[in-house]
Amino acid sequence: MTAPDGRSAEGRGELNRSRLHHYAPWVFVLVLALLPLAFPDPYMLAVLTSAGIFIIGAISLNLLLGYTGQLSLGHVAFFGLGAYTSALASLGFDIGIGFGLRITLQPQPVWLGFIAAIIVAGGFGWLLGRLAFRVRGAYFVIITICFAQVLRMVALNWIELTQGPMALISIPPFSMWLPGQGVVPLYSKAQNYWLVLAVAVLAFIVVRQLVESRIGRALVALRANESLARSVGIRVTHYLVIAAVISAGIAGAAGSLFAHYIRIIDPDVFLFIYTVTMVIMVITGGKGTLWGPVVGGLIFGLVPDLLRGHARPEAQWVLYGVAMILFVMFLPRGIVPALASLRRRA
Amino acid sequence: MSDLLRVEGLAVHIGGLVAIADASFVVPAGQVVSLIGPNGAGKTTAFNVITGYMRPTKGRILFDGADITGLAPDRIAERGIVRSFQRTSVFTGCTVLENALMALHRRGGAGLLGALFRLPSARREEARLRAEAWAMLEFTGLAERADTLAEVLAYGEQRRLGIALAAIASPRLLLLDEPAAGLNPSETAACMALIRQLRDRGATILLVEHDMPMVMQMSDTIVVLNQGRIIAAGAPAEIRANPEVIRAYLGSGDWQEAAHAAA
Ligand SMILES: Nc1ncnc2c1ncn2[C@@H]1O[C@H](COP(=O)(O)OP(=O)(O)OP(=O)(O)O)[C@@H](O)[C@H]1O
Ligand SMILES: [Mg+2]
């Protein structure tokens, strides 16, 4: 819904509030950006960085789940595709494709891998969009789950390309031109943190620009009342495919960040539980709101790590389940819409 | 006069049921044509076929000379046929203004690049669409409700919004399915005034309506559908006097009311 953000910011002459609306996000970003300087604790930065990568994934999922209302339970497929594409591009590969033919790729710069990740994931998003939006609802959900499972099988078994369960190792980190240092690989925690923060801000802005435009309105119209939307000439497939491509592209970017940050990936990046994590982030935060995935992502990205010292990993999944049930029962629309309506009442 | 819409030999079978057996009629440009008939006659079905929501078993739909049979609803809307729905249909969870902007979709053309980079052309278009949306809300008397969520509106207002949404899309042919259903007399009068204004703005209108006084007053031509067949078509005066029409409606309160109104 564009409403909670958009409506209170316009009309009504609440100038101060809308100013606040305008600057608060940038203050938030500034605080996050200064964090490594104030608290250069590597453990905290590591936790925030991986939370940030998942938040980017959640932001991308929200575009589909929140704004088009399509539940993609295979969303991690795009994340994993991005991770493998980017890793393989930066490592290079040499594989046989039958008939004695081989495809060889020399190792490429990481930023090229990043772009390739976005393009490949976006391309698969397009394909899935074309295919699956013909079958909506439960079938779409099933197709997306299958899609992620098939990719996992490919990653497990196409050993020549992916090393299968042995994993792709020694993936190079991102490198970047830094003032006074030239182009250097980003090994430090703080540098990776900033990179992820920058991409997250960019992803947020892309989604915001999109949903606050004529295209976003078309998406919300299709979600709110599809037959009415079609009756006024909004093309279903066209807009759902746009949303799928952009959503997949952003998820691919997150996957690429993940690959070059962790620097080792195996077929487990396609695990269902990662999709579930992203879905929970979006739903608890508030699907169909711009800040929902950020808020939900911060909670579910940070809490498991905070609990790590005190509880077993299985407890994390149990916690997810319990939190999910509690949210569906007490805050079905999520945290952000609940806060928005509280503030409106105040 | 040119026919904007031609329905030729239309038949619609739903499962084993014959919703429309054989129907042919035309809607001349600039006219208000009413499609009337008892409950279950097949009026809504005809609308569904014309606007692409159902595929006909037989027959063709020609719009402005082009065959549009079997096109998707969004494609048909793009060509300029927009309908309202018998059961009130609005964009829930969205304000009245947002509803209007959504219905104005076809009046804009901003694409992905315009949206992502907030290009000047996209900004100008957005400002224009907002102005158009406001103008249309003023026109339909919904401007005070602009910030209200559509589902919160009173029933009469929701129906008006439903018509407004179809009209906002600035169709060349506007199909209205029982716009006055469930409205009180003053709301019905407002609804009729709105439809007249829409016609005066140049829309051709195909109207399905049970309110006979309204039909008699509004229509240039009336087409009568009964059990999936057209049994009469002509000016209101001819239809009123047509024995077969009277028989089809025999005992129907609608008709006595209409005769009353006509007398
Ligand atoms: N989707 C459907 N499935 C099954 N039967 C249908 C369907 N749509 C319409 N029918 C049947 O087709 C016939 C024509 O229905 P239709 O809705 O077109 O009538 P109508 O003239 O619009 O009636 P009303 O004045 O009550 O709106 C009816 O017998 C109805 O039961
Ligand atoms: Mg009907």
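Look above for the structure.
What comes next concerns the included structure. The residue numbers shown here count from 1 along each chain, following its written sequence. To label them, take the chains in the order written and letter them from A, then take the ligands in the order written and number them from 1. The model is predicted, so local features are restricted to residues of pLDDT at least 70 and side-chain atom pairs to those at 80 or more, both for listing and for counting; the totals for chains, interfaces and linings are taken over all residues. Water and hydrogen atoms play no part in the side-chain values, which are based on all heavy atoms of the structure.

Observations concerning the pattern of salt bridges
In the sections that follow, a salt bridge refers to a side-chain nitrogen of Lys or Arg positioned within 4 Å of a carboxyl oxygen of Asp or Glu. A complete count under the given rule lists 15 salt bridges over all chains for this structure. Of the charged contacts in the structure, one is a salt bridge between Glu78(B) and Arg235(A), with a shortest N-O distance of 2.7 Å. Here the residue Glu78(B) occupies a position in helix H2 (residues 73–79), and Arg235(A) occupies one in the loop between helix H10 (226–231) and helix H11 (236–262), the pair thus bridging two chains. Residue exposure (1.4 Å probe, protein chains only): buried if accessible area is under 20% of the type maximum, exposed if over 50%, otherwise partly exposed. Exposure remark for Arg235(A): the relative accessible area of 27% places this residue in the partly exposed category. One salt bridge connects Arg60(B) with Asp67(B), and the closest N-O pair in it is separated by 3.9 Å. Residue class for Arg60(B) comes out partly exposed when judged on its relative accessible area of 38%. With a relative accessible area of 40%, Asp67(B) lands in the partly exposed category. A network of salt bridges, in which partner residues are shared, links Asp3(B), Arg6(B), Glu8(B), Arg60(B) and Asp67(B). In this text, helices come from DSSP runs of H or I with a minimum length of four residues, and strands from runs of E with a minimum of two, each type numbered from the N-terminal end.

With respect to a nonpolar patch on the surface
Residues and elements named next belong to chain A. There is a patch of nonpolar side chains on the surface, built from Val318, Val322, Ile325, Leu326, Met329 and Phe330 and spanning about 630 Å² of accessible area. Residue placement: Val318 occurs in helix H14 (residues 313–330). Under the relative-accessibility criterion, Val318 is labelled exposed at 54%. Patch membership requires more than 30% relative accessible area and the absence of a salt bridge. Residues of like charge join within 9 Å; the nonpolar side chains Val, Leu, Ile, Met, Phe, Trp and Tyr join within 5 Å. All accessible areas in this document rest on Shrake-Rupley with a 1.4 Å probe, and a residue is counted as covered only by the protein chains that are shown.

With respect to the site of ligand 1
Residue and element names in this part refer to chain B. A single heavy atom is enough: if one lies within 4 Å of a molecule or strand, its residue is considered near that molecule or strand. With respect to spatial proximity, 13 residues lie near ligand 1, and among them Lys43, Thr44, Thr45, Gln86 and His210 are the closest. N or O atoms closer than or at 3.5 Å make up a polar contact, with two conditions inside protein: a donor-capable atom paired with an acceptor-capable one, and, for residues adjacent in sequence, both atoms drawn from side chains. Here Ala41 contributes a backbone N or O atom positioned 3.2 Å from an oxygen atom of ligand 1. Between ligand 1 and Gly42, the relevant distance is 2.9 Å, taken from an oxygen atom to a main-chain nitrogen or oxygen of the residue. Contact with the protein chains covers 62% of the free accessible surface of ligand 1, which is 630 Å². Listing elements by their share of the shell around ligand 1, those giving two or more residues are strand E2 (17–28) and helix H1 (43–50).

What to know about the interface of chain A and chain B
Any two residues whose heavy atoms approach within 4.5 Å at even a single point are treated as in contact. Contact with chain A, which involves 33 residues of that partner, is made by 41 residues of chain B. By definition, the buried area sums, over both parts, the 1.4 Å-probe accessible area that each loses when the two are put together. Here chain A packs against chain B, burying approximately 3000 Å² in sum over the two surfaces, 56% of which is carbon and sulfur. Ranking the residues of chain A by area buried against chain B places Arg214(A), Arg217(A) and Val232(A) at the top, with a combined share of 25%. Summed over the shared surface of chain A and chain B, the number is 12 residue pairs in polar contact (both at pLDDT 80 or more). Broken down by secondary-structure element, the contributors of at least two residues to the side of chain A that touches chain B are helix H1 (3–9), helix H8 (189–211), helix H9 (214–224), H10 and H11 of chain A. The element that contributes the greatest number of residues to the side of chain A that touches chain B is H9(A), accounting for seven residues. A per-class count over the side of chain A that touches chain B returns 17 nonpolar, seven polar and nine charged. Ten residue types, Ala, Val, Leu, Ile, Met, Phe, Trp, Tyr, Cys and Pro, are classed as nonpolar, four, Asp, Glu, Lys and Arg, as charged, and the remainder, Gly among them, as polar.

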